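As a plain string of letters, each chain reads:
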Amino acid sequence: MSLLDLTDLAMPYDSIAIIGTAKNAGKTTTLNYMINGLNRKGITLGLTSVGRDGENIDIVTHTPKPEIFVIKGTVLATAERLLSYCDITKQVLHIANISTPFGRVVVVRAMSSGYVQLGGPSITKQIGEIIPIMEREGAQKSLIDGALNRITPADPKIAQAAVLCVGATGANLQKVVEHTQFLVKILSLPQVETLQKNDIFFAGAVSDHVLKKIVLSGEKLNDRRIIAEDSGKFFIQPQTFEKLVAKGATLAVKQATNLLCVTINPTSPYGSGFNPKEFLQKMQEAVNVPVFDVI
């Protein structure tokens, strides 16, 4: 599949979260691919990030990172102290009452093309406040660069769709594929329209500890549905999931996540990596959504 196919998948949605399974999963590379592809389609973009992104050297690992290039007209929500690292001419549109480690979140319009750094809200509710502001200022589609190993930016109340990024983390390709396969299952949980009497519903986060208690309770789980608000509220380990399924339970959500695809990054900044063709083939065999090699 080509890059164009990835942007085609994104076209029906106004807000898309880009989430990663681990560090160096290829989130920024995927973001850049989507920016370039959507720019070519004439889409005015709104961009923000959960955490800092766009710096050329990772401040934690001190390894090289892809920079983020935007064109004139792009709308950005970033922290005020990161604006000095953006080599664009900026028009300040809105100063939000949202604090980050780098200052308040400021919404600006790029009046020239150039490289930018993003550092937006870290709280889901705050992302939900920023997206409508960017849309009001002309953003036709908003891309949210998610934080390390967090799927909460894919909250369907915030993002209409999500892209899951997977990198060559660790030495065992099969373990990475299996971990991704499990995450895709969680992100693809079915939506329930109405709650039934035999449902177990959690209004907030659902921890693995709580779910283990259900497994060990001795309660009959045949045809019981365990329901959370959305996939990001389930904090469950694969072993616990398998035990629940073995006892006849199913997991579901009140609001489903629209997972568009998985992107893979077969390279690693530490010099190791996976064979690209093998990584792509195994991932395509393991998951039921499209898979793209962003490199």
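Residues numbered from 1 in each chain as written. Predicted model: local features only at pLDDT ≥ 70, side-chain atom pairs only at ≥ 80, totals over all residues. Heavy atoms only, no water.

> Can you help me understand the pattern of salt bridges in this one?
Any two side chains of opposite charge can pair if their charged atoms end up close together. What the rule picks out here adds up to eleven salt bridges. With a closest N to O distance of 3.4 Å, Asp-145 and Lys-27 form a salt bridge. With Asp-145 in strand S10 (residues 141-145) and Lys-27 in helix H2 (residues 27-40), this pair connects stretches of sequence that are 118 residues apart. Note on Lys-27: relative accessible area 14%, which makes it buried. Measuring nitrogen to oxygen at the nearest pair gives 2.9 Å for the salt bridge that ties Arg-225 to Asp-199. (Salt bridge = Lys/Arg side-chain N within 4 Å of Asp/Glu carboxyl O. Helix = DSSP H or I, 4+ residues; strand = E, 2+ residues; numbered from the N terminus. Buried < 20%, exposed > 50% of the residue type's maximum accessible area, 1.4 Å probe, protein only.)

> What's the story with the nonpolar core in this structure? I'm lost.
Note on soluble globular proteins: their nonpolar side chains tend to be buried together. Membership of the largest hydrophobic core comes to 40 residues, with the highest contact counts inside it found for Val-107, Ile-130, Met-134, Leu-164, Val-262, Phe-279 and Met-283. Considering each element in turn, this core owes the most residues, six residues, to helix H4 (residues 173-187). Among all residues touching Val-262, those that are not within four sequence positions of it are Leu-164, Val-166, Thr-180, Val-184, Met-283, Val-289, Pro-290, Val-291 and Phe-292. Within the second largest apolar cluster, 30 residues are counted, among which are Ala-25, Cys-86, Leu-260 and Cys-261. (Core = buried A, V, L, I, M, F, W, Y, C linked by side-chain atoms within 4.5 Å. Contact = heavy atoms within 4.5 Å.)

> Before we go on, may I ask you to explain the domain arrangement of the protein chain in this structure?
Where the parts come together, the accessible area they lose is often given as the size of the interface. Along its sequence, the protein chain is organised into domain 1 (4-186 + 257-293) and domain 2 (190-253). Domain 1 puts nine residues into the contact, and the matching count from domain 2 is nine residues. Between domain 1 and domain 2, a total of about 740 Å² is buried, with carbon and sulfur atoms accounting for 67% of that surface. Across the domain 1-domain 2 interface, the total number found is two salt bridges. Asp-230 is the partner of Lys-157 in a salt bridge, and the nearest nitrogen-oxygen pair spans 3.7 Å. Summed over the shared surface of domain 1 and domain 2, the result is one residue pair in polar contact (both at pLDDT 80 or more). (Domains from an automatic or database assignment. Buried area = accessible area lost by both parts, 1.4 Å probe. Polar contact = N/O pair within 3.5 Å; in protein donor to acceptor, adjacent residues only side chain to side chain.)

> Would you mind showing me how to read the sheet that holds strand S16 (residues 250-253) here?
In sheet architecture, strand pairing relies on hydrogen bonds along the backbone and comes in two forms, parallel and antiparallel. Reading across the sheet, the three strands line up as S12-S14-S16 and stay open at both edges, with parallel pairing between neighbours. Of all the strands in the sheet, just strand S12 (200-201) and S16 have a single pairing partner and so form its edges. When S12 meets strand S14 (residues 225-228), the two strands line up parallel, connected through two bridges. Opposite Phe-201, over in S14, you have Ile-227 as the bridge partner. (Pairing = 2+ DSSP bridges.)

> Could you clarify how one ought to interpret the packing of aromatic side chains in this entry?
Each aromatic ring pair is described using two quantities: the centre-to-centre distance and the angle formed by the ring planes. The full count for this structure, using the stated rule, is three aromatic pairs. Taken together, a centroid distance of 5.6 Å and an interplanar angle of 75° make the contact between Phe-182 and Phe-241 edge-to-face. Remark: Phe-241 occurs in helix H6 (residues 238-246) and Phe-182 occurs in helix H4; sequence separation between them is 59 residues. (Phe/Tyr/Trp six-rings, centres within 6.5 Å; stacked < 30°, edge-to-face > 60°.)

> I tried to follow the sheet that holds S10 on my own but got confused; where do I start?
Ordered by their spatial adjacency, nine strands build an open sheet running S6-S7-S5-S2-S10-S1-S11-S17-S18, and the pairing between neighbours is mixed. Edge positions in the open sheet fall to strand S6 (90-100) and strand S18 (291-293), since each of these has one partner strand only. Here the average twist between neighbouring strands, direction ignored, is 20°. Note: strand S1 (residues 15-20) against S10, four bridges, orientation parallel. Within S10, the residue paired with Ile-18 across the bridge is Asp-145. Along the sheet face, H2 touches S1, strand S2 (45-49), S10, strand S11 (161-167) and strand S17 (259-265) and points at about 170° away from the line of S10. Its contacts with the sheet place helix H3 (residues 124-136) against S1, S2, strand S5 (75-79), S6, strand S7 (103-110) and S10, and it is angled at close to 165° to S6. (Axes fitted to C-alpha atoms, helices over the stretch in contact; angles between N-to-C directions.)

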